[in-house]
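Coordinates in review
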Amino acid sequence: MSCPTISSPSTEVAIGENVTLKCSSETGSLPINYTLYKGIDRVLPPASKNKKGEEAAFHFTINSISELGEYKCKAENKFNKNKYSLGFNFTLREPVSQPMVNCSSTEVRIGENVTLSCFSRTGSLPITYTLYRGKERVQPPASKNKSGEAAEFHFPINSISGLGEYKCKAENFSKGKYSLGFNFTMRGEDNNLAVFVVPPLLLLLLAVVLAVPLLILPRCKTRKLRDISPTGFVPTSYPGSENDVTYAEIAHEEVQEEYVNLEFSNEKEKVRKVSLRDATTVAYSEVIIR
């Protein structure tokens, strides 16, 4: 009987996954008994009797990393004992971890070319990386990494909107995961220029705010002149028309008060100093009292 061979439909497994290992011998008198071992431990079921020359299949679950290998198959019949296959090892198929996105500098100028790198510390290869700005995919659309190194994306920053937010998506056999957001900032000397890059809507709003006083104030001033009483103006002739007149405002001089002493006789004589404007009223009041 020849030494048995051991094989599996897939060499990569994930924790908790069901697997199948197959053992077979090309030559040997039937029946042949096959037993599967991991190290020195026998794997259940303990043996498979093959009476038809077919390969023996062992089905079990990989519940932990320690169960990844090494596996060997033992074949024996009534003429040959304890013939072992070569060792077989599973490779852990690990879901990708959350990627990290990074750049050598966070400050950029408009028009400058930048490089963003994306990397997952763990995860079975190959890993596909895709870079997004918001919901838009950044060209090149994806980078397949088969060597375990970081994927790099090269592109220019053509406008302020190109400053961020960037996210990297990493995926392998498992569902993809996204990195945290990354934002560029405008380089110091370009900050003053950024102030003048105003969105069109803000420019329109600014124009309306400035135009309102220019349109309303002249109308208000004209209406005020129309509403002023003519008593505060003097008519003057208007050149070119005998009937048309205009009004000129007269400056009102402050009236200086003059005072007189009025003497009244009653039970208690009093001398009051009153203004001429009020003299008539005072005298009239005293007459009524008498």
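How each quantity is defined
Residues numbered from 1 in each chain as written. Predicted model: local features only at pLDDT ≥ 70, side-chain atom pairs only at ≥ 80, totals over all residues. Heavy atoms only, no water. Phe/Tyr/Trp six-rings, centres within 6.5 Å; stacked < 30°, edge-to-face > 60°. Helix = DSSP H or I, 4+ residues; strand = E, 2+ residues; numbered from the N terminus. Buried < 20%, exposed > 50% of the residue type's maximum accessible area, 1.4 Å probe, protein only. Pairing = 2+ DSSP bridges.

1. What to know about the packing of aromatic side chains
- Inspection of the entire model under this criterion finds eight aromatic pairs.
- With a centroid separation of 5.4 Å and an interplanar angle of 35°, the aromatic rings of Phe60 and Tyr71 are classed as tilted. A residue pair is termed long-range when its members are at least 10 positions apart, and Phe60 in strand S7 (residues 56–61) and Tyr71 in strand S8 (residues 69–76) qualify at eleven residues.
- Judged by relative accessible area, which is 13%, Phe60 ranks as buried.
- Between Tyr166 and Phe184, the aromatic rings sit 5.8 Å apart at their centres with planes inclined by 80°, giving edge-to-face as the arrangement. Of the two residues, Tyr166 is situated in strand S19 (residues 164–171) and Phe184 in the loop between strand S21 (182–183) and strand S22 (185–186); the sequence distance between them amounts to 18 residues. Just as Tyr166 is buried, Phe184 falls in that class too.

2. What to know about the pairing of S19
- Where strand S15 (residues 127–133) and S19 come together, six bridges link them in antiparallel fashion. Residue pairing across strands places Arg133 opposite Tyr166, the latter belonging to S19.
- In this sheet, S21 lies alongside S19 in antiparallel orientation, the contact comprising two bridges. Note on S21: the bridge partner recorded for Tyr166 is Phe182.

3. Description of the pairing of strand S18 (residues 151–156)
- Burial along S18 is one-sided: the residues Ala151, Phe153 and Phe155 are buried and none of Glu152, His154 and Pro156 is.
- With six bridges connecting them, strand S14 (residues 113–119) and S18 associate as antiparallel partners. Bridge pairing in S18 links Thr115 to His154.

Nothing here speaks to function; it is all geometry.
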